[in-house]
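# Examining the three-dimensional arrangement
Chain by chain, the residues:
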Amino acid sequence: MQKHIVKAFDAEIDDLNKKVTAMGKACEEQIAKAVSALGSMDTALAQSVVKQDKAINQLQRGIEEKSVSLLTRRHPMAGDLRYLLSVMKIASELERIGDYAANMAKRILALSLPPVQEPIDLIVDMADISRTMIHDVMDAFWDMDVEKAVKVWQTDNLIDRKFARMMAMVRKQMQDNTDQIDDGTQFIFMGRCCERIGDHITNIAEDVYYMATGQIYMDQCSDDHFVC
Amino acid sequence: MQTEKNASVSRTSVDAASGNPAVAGKHRKPHLVDRENRATVGEINVPNPKMQCRDVSVFYDYGEKEAIRKVSLDIGQNEVIAMIGPSGCGKSTFIRCLNRMNDTIDGCVVKGRITLDEINIYDKSIDVVPLRAQVGMVFQKPNPFPKSIYDNIAYGPKIHGLVQNKSETDDLVESSLKRAGLWNEVKDRLDQPGTSLSGGQQQRLCIARTIAVDPEVILMDEPCSALDPIATAIIEDLIDELRQEYSIAIVTHSMQQASRVSQRTAFFHLGDLIEVGPTEQIFLNPLHQLTHDYITGRFG
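Since this is a predicted model, take the numbers as computed values, not measurements.

The rules behind these values
- Residues numbered from 1 in each chain as written.
- Chains lettered and ligands numbered in written order.
- Predicted model: local features only at pLDDT ≥ 70, side-chain atom pairs only at ≥ 80, totals over all residues.
- Heavy atoms only, no water.
- Helix = DSSP H or I, 4+ residues; strand = E, 2+ residues; numbered from the N terminus.
- Buried < 20%, exposed > 50% of the residue type's maximum accessible area, 1.4 Å probe, protein only.
- Lys, Arg positive; Asp, Glu negative; His and termini not counted.
- Salt bridge = Lys/Arg side-chain N within 4 Å of Asp/Glu carboxyl O.
- Polar contact = N/O pair within 3.5 Å; in protein donor to acceptor, adjacent residues only side chain to side chain.
- Contact = heavy atoms within 4.5 Å.
- Pairing = 2+ DSSP bridges.
- Axes fitted to C-alpha atoms, helices over the stretch in contact; angles between N-to-C directions.
- Parallel < 35°, antiparallel > 145°, perpendicular 65-115°, else oblique.
- Left-handed = near helix turned anticlockwise from the far one by under 90°.
- Nonpolar A, V, L, I, M, F, W, Y, C, P; charged D, E, K, R; others polar.
- 1 Å grid on protein atoms, 1.4 Å probe; cavity = no way out; pocket = protein on both sides within 12 Å on 5 of 7 lines; lining within 4 Å.
- Points joined across faces, edges and corners; volume = space filled by probe spheres on them.
- Core = buried A, V, L, I, M, F, W, Y, C linked by side-chain atoms within 4.5 Å.
- Phe/Tyr/Trp six-rings, centres within 6.5 Å; stacked < 30°, edge-to-face > 60°.
- Lys NZ or Arg CZ within 6 Å of the ring centre and 35° of its normal.

The next thing to look at is the side chain of Asp221 of chain B. All names here are of chain B. As for its position among the elements, Asp221 is in strand β7 (residues 217-221). Despite its burial, Asp221 pairs with no opposite charge; the closest candidate is Arg96, at 5.5 Å N-O. One polar contact links Asp221 to Ser92, side chain to side chain, over a distance of 3.1 Å. Discounting residues that sit within four places of it in the chain, Asp221 has contacts with Ser92, Ile95, Met137, Val138, Phe139, Gln140 and Val251.

All names here are of chain B. Sheet architecture is open: four strands sit in the order β2-β1-β4-β5, paired in antiparallel fashion. Looking along the sheet, the strands with just one partner apiece sit at the ends: β2 (65-76) and β5 (119-120). The pairing of strand β1 (residues 49-60) with strand β4 (residues 109-116) spans seven bridges and is classified as antiparallel. Residue pairing for β4: Arg54 is matched across the bridge by Arg113.

All names here are of chain A. Two numbers describe how helix α5 (residues 146-176) lies on helix α6 (residues 181-213): the axes approach to 9 Å, and their chain directions differ by 170°. Between α5 and α6, the angle falls in the class roughly antiparallel. In terms of crossing hand, the pair formed by α5 and α6 is left-handed. Looking at the contact of α5 with α6 residue by residue, the classes come out as 20 nonpolar, six polar and six charged.

Residues and elements named next belong to chain B. Its place among the elements puts Glu222 in the loop between β7 and α9 (229-242). With 52 residues separating them in the primary sequence, Glu222 and Asp170 have C-alpha atoms 30 Å apart. Those residues within four positions of Glu222 in sequence are excluded, and the remaining contacts are Phe139, Gln140, Val251, Thr252 and His253.

Attention now goes to the sheet that holds strand β3 (residues 80-84) of chain B. Strand pairing in a sheet takes place through backbone hydrogen bonds and is either antiparallel or parallel in direction. Residue and element names in this part refer to chain B. The strand order across the open sheet formed by six strands is β6-β7-β8-β3-β9-β10, and the pairing between neighbours is mixed. A single partner strand is all that each edge strand has here, and the edge strands are β6 (135-138) and β10 (272-278). Sheet twist, expressed as the average angle between the axes of neighbouring strands with direction ignored, equals 20°. For strand β9 (residues 264-269) and β10, the ladder comprises six bridges, and the chain directions are antiparallel. Across the sheet, residue Arg264 finds its bridge partner in β10, namely Pro278. Packing against the sheet, helix α8 (residues 199-212) makes contact with β6 and β7, and its axis sits at approximately 170° to β6.

Attention now goes to the layout of surface pockets. Residue and element names in this part refer to chain B. Roughly 430 Å³ of volume is contained in the largest pocket. Lining the largest pocket are 18 residues, with Arg132, Ala133, Phe145, His160 and Arg209 positioned closest to its centre. Taken together, the residues of the lining of the largest pocket sort by class into ten nonpolar, six polar and two charged.

Moving on, we come to the pattern of salt bridges. All names here are of chain B. Under the definition given, this model contains 29 salt bridges over all chains. Across the pair Arg264 and Glu79 runs a salt bridge whose closest N-O atoms are separated by 2.9 Å. Taken together, the residues span a long stretch of sequence, with Arg264 in strand β9 and Glu79 in the loop between β2 and β3 at a distance of 185 residues. This pair shows no difference in class: Arg264 is buried, exactly as Glu79 is. Here Glu185 ties to Arg204 by a salt bridge, and the two come within 2.8 Å at their closest N and O atoms. Of this pair, Glu185 sits in helix α7 (residues 183-186) while Arg204 is found in helix α8, placing the two residues 19 residues apart along the sequence. Taking the relative accessible area as the measure of exposure, Arg204 reaches 4% and is therefore buried.

In this section: helix α5 (residues 149-159) of chain B. All names here are of chain B. For α5, the complete set of buried residues consists of Ile149, Tyr150, Asn152, Ile153, Ala154, Gly156 and Pro157. Turning to α5, the residues buried within the fold contact α6 (166-179), α7 and α8. Of the residues trailing α5, Gly161 is marked for its positive phi of about 70°.

Glancing now at the nonpolar core. Among the nonpolar cores identified, the biggest contains 68 residues, and Tyr83, Leu94, Ile97, Ile123, Phe141, Met190 and Ile201 of chain A are the most heavily contacted of them. Counting residues per element, the ones that place at least two in this core are α1 (7-40), α2 (43-74), α3 (78-109), α4 (117-143), α5 and α6 of chain A. If sequence neighbours within four positions are ignored, Ile123 of chain A has contacts with Val35, Leu38, Met104, Met166, Phe187, Met190, Gly191 and Cys194 of chain A. Met77 of chain A together with Tyr150, Met255 and Ile295 of chain B belong to the second largest nonpolar core, which has 46 residues in total.

Inspection of the entire model under this criterion finds seven aromatic pairs over all chains. Judged by centre distance (6.3 Å) and plane angle (15°), the ring pair of Tyr83 of chain A and Phe141 of chain A falls under stacked. Taken as a pair, Tyr83 of chain A in helix α3 and Phe141 of chain A in helix α4 lie far apart in primary sequence, 58 residues in all. Judged by its relative accessible area of 1%, Tyr83 of chain A is buried. Judged by its relative accessible area of 0%, Phe141 of chain A falls in the buried class. The ring of Phe189 of chain A has Arg107 of chain A sitting right over it, with the charged end atom 3.8 Å from the ring centre. Stacked on the ring of Phe145 of chain B, the Lys or Arg Arg209 of chain B has its end atom at 4.1 Å from the ring centre.

The next subject is the environment of Trp183 of chain B. Residue and element names in this part refer to chain B. Its location among the elements puts Trp183 in helix α7. Residue classification places Trp183 among the buried residues on the basis of a relative accessible area of 15%. Here the alpha-carbon distance between Trp183 and Leu205, two residues 22 residues apart in the chain, equals 9.6 Å. In this view, Trp183 contacts Glu174, Leu177, Lys178 and Leu190; residues no more than four positions away in its chain are not counted.

Listed below in structure tokens is the structure:
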């Protein structure tokens, strides 16, 4: 695609792209740290994840301010307008993802020691999938790669399936052993955080799809896409 | 902040290889028509056409220079259609065909068919004087006659025989100035020269003059380019009101103005009508690469 006649506009968009990408990377790292803290029951690491959430919120505010500034000063049209509208939504989705990573970390602090391992393995699996999804969706954003965005969107099914498995497992453990109710509740919350992270990533994939095509992804979907 | 720094460094290297998504993304939008394709994209027809243009070509210098090429487009009843495009693209040439203003240019040849209510306006039997009353025109620079405000309005109806006496003329002057939103500002000084008004008032006087002869279509060639933002807003508000009674074709270099005032937008480039469609679609999700690149400021 051709560059803008006004070079400063290109420079500002480039700067905004870097901010969004940095925020995606920060969220990816927050999830990685939260899951690492869960695997090793590292409470200090979990606390650092909780603390770091403020930095993610600041990144979102920076992106919003820059986007509003560009909307106000540049009066973007067509692809540029869709880009800025999408960037503001993507930043909002990433901010929520950051919140869920911090929530996961808070739940780690409430677990008994040592917790049962099986639900942890499934939560780690879900978190790993979500990390890959964030990475891929940010690549899709960067490259305006519609196909990659759609693949990310479809990957969310994996998280949903694992969440359903984890819920069944934890429910059974809590029924079989009432001592597990407290930890089981924390696991359910953590699993739910992963599941919601997946949902927010699919929203980002939809934003990328709209940004690149001007179409609403859900309008383009056949019913097959919704089969889990 | 370390995270952000790392991400920036990493992405900068990607930038060099594949480009920035909004600036030079490597994935072309799959639905955009190639810039080499010169056929009109979008729906040229409307269900209720006031004017219909088919295969309209205009040549200057006795056929030496082709200004527009086989343009086909409907102008709907009670719609505002905006013509946009870079300088020299043919948008003004096109609207000047709609009331045969190009007839006044030596060596200008118009081919194709243009109808007003299904009557060919280039038919030999057509008298251009009443045609230009039916299809009125407002120009970039306000051009009031060197007469009083009153006479600026009254002159046209008098020569077209639309008024029979002073009373009828007074009524028409008042109603025209009211429809143009100028009455309250000039009702106490109708005998003063039209040229004594401000730029925005002069332009509204010209619009009042145009509507005084009871047109059906109003052509506007950059009517606000010489006006300040307030005068522009007043004219745009007026255009929206006039749409209830007339069809309006407006040429503008302001993308924002086109998006504010029109229901449909036509994009011209180097004499071709590249794309026409609903204004919201043109400015949010155009179909042609050239339209997209023009309205986003990538060439002009």
